[in-house]
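Remarks on the overall topology
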Amino acid sequence: MILIGYPGIGKSTLVEKLKINNTSKYKYIDLESSNFHNGSSPEDWYKNYIKVAIDLSNQGYFVFVSCHKFIRDELHKHVSDGDINHNEIAVIYPKLSLKDRWIDMLEIRLAEHPEDKNKNALSNVMENYDSQIEDLMKENFHHIEIVQTPGSNYDLNMIIEQHIKTCVVSFF
């Protein structure tokens, strides 16, 4: 399964947590897009990124990928080509009403972990939250809407498992 994840939903946190204490029946991989593009990468780096995501998904992994529009467009292309079924893709995003709390959470994350990816995520969310969430809501994939900001009672694995249990269409 491929999980398109909005910045801050807890992709990296979940994967790191499960490395220490694997309590999930699923195997997750956070396919960090920055590992695929850098100053020397070809402009179409995202094509290999999606091919790797599909390959890992076909091996039984739940693969977190970036939510950039060109990434989603590439996934749609692979659905059209028959490389993956659209029922094997879900998009995970916060409710529109969580904007201010989402930005606050990303500011705290940046203060605790002053990395470029966190700085870029915060800047991107501050500038584009409403339009990005509205775009994600229009996607023709399964939708998992986050209704609270990540914190002490937030369990992304549980949210995903609950979605799978209640989903009428089988993912597999």
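Refer to the structure printed above.
Residues numbered from 1 in each chain as written. Predicted model: local features only at pLDDT ≥ 70, side-chain atom pairs only at ≥ 80, totals over all residues. Heavy atoms only, no water.

1. Quick notes on the nonpolar core
If you look at the biggest cluster of nonpolar residues, it comprises 48 residues, and the most contacted ones within it are Y6, Y28, V65, W102 and I160. The element best represented in this core is helix α2 (residues 45-58), accounting for six residues. (Core = buried A, V, L, I, M, F, W, Y, C linked by side-chain atoms within 4.5 Å. Buried < 20%, exposed > 50% of the residue type's maximum accessible area, 1.4 Å probe, protein only. Helix = DSSP H or I, 4+ residues; strand = E, 2+ residues; numbered from the N terminus.)

2. Quick word on the pattern of salt bridges
Per the stated rule, a full pass over the model turns up five salt bridges. Note that K69 is salt-bridged to D73, the shortest N-O span being 2.7 Å. With K69 and D73 both in helix α3 (residues 69-80) and four residues apart, this pair spans about one turn of that helix. Judged by relative accessible area, K69 falls into the partly exposed class, the value being 47%. You can call D73 partly exposed: its relative accessible area is 36%. Put simply, D81 and K77 hold a salt bridge, and the shortest N to O gap is 3.2 Å. Judged by its relative accessible area of 48%, D81 is partly exposed. Accessibility expressed as a relative area gives 40% for K77, which makes it partly exposed. (Salt bridge = Lys/Arg side-chain N within 4 Å of Asp/Glu carboxyl O.)

3. What about the environment of S131?
Residue position: S131 is located in helix α5 (residues 116-137). On the basis of relative accessibility, which here comes to 38%, the residue S131 falls in the partly exposed class. Separated by 85 residues in sequence, S131 and Y46 have C-alpha atoms that sit 22 Å apart.

4. So, the sheet that holds strand β1 (residues 2-5)
Read across the open sheet, the five strands follow the order β2-β3-β1-β4-β5; overall the sheet is parallel. With one partner strand each, in any of the chains shown, β2 (27-30) and β5 (142-146) form the two edges of the open sheet. This sheet shows a mean twist of 25 degrees between the axes of neighbouring strands, independent of strand direction. In terms of strand pairing, β1 meets strand β4 (residues 89-94) through four bridges, oriented parallel. (Pairing = 2+ DSSP bridges. Axes fitted to C-alpha atoms, helices over the stretch in contact; angles between N-to-C directions.)

5. With respect to the side chain of S33
Residue position: S33 is located in the loop between β2 and α2. Setting aside its immediate chain neighbours within four residues, S33 contacts W45, Y49 and S66. (Contact = heavy atoms within 4.5 Å.)

6. A word on the packing of aromatic side chains
Each aromatic ring pair is specified by the distance between its two centres and by the angle formed by the two planes. In the structure shown here, the tally under the stated rule is seven aromatic pairs. Here Y28 and F64 contribute two aromatic rings whose centre-to-centre distance is 5.5 Å and whose plane-to-plane angle is 10 degrees, an arrangement assigned as stacked. With Y28 in strand β2 and F64 in strand β3 (residues 61-65), this pair connects stretches of sequence that are 36 residues apart. A single burial state applies to Y28 and to F64, both of which are buried. Summarising the aromatic geometry, the rings of W45 and Y49 are spaced 5.7 Å apart at their centres and angled 65 degrees between planes, so their arrangement reads as edge-to-face. Here Y49 and W45 lie together in helix α2, a separation of four residues that amounts to about one turn. The same class applies to W45 and to Y49, which are both buried. Among the aromatic residues, those joined into a ring-pair cluster are W45, Y46, Y49 and F70. Between the NZ or CZ atom of K27 and the centre of the ring of Y61, over which it lies, the distance is 4.6 Å. (Phe/Tyr/Trp six-rings, centres within 6.5 Å; stacked < 30°, edge-to-face > 60°. Lys NZ or Arg CZ within 6 Å of the ring centre and 35° of its normal.)

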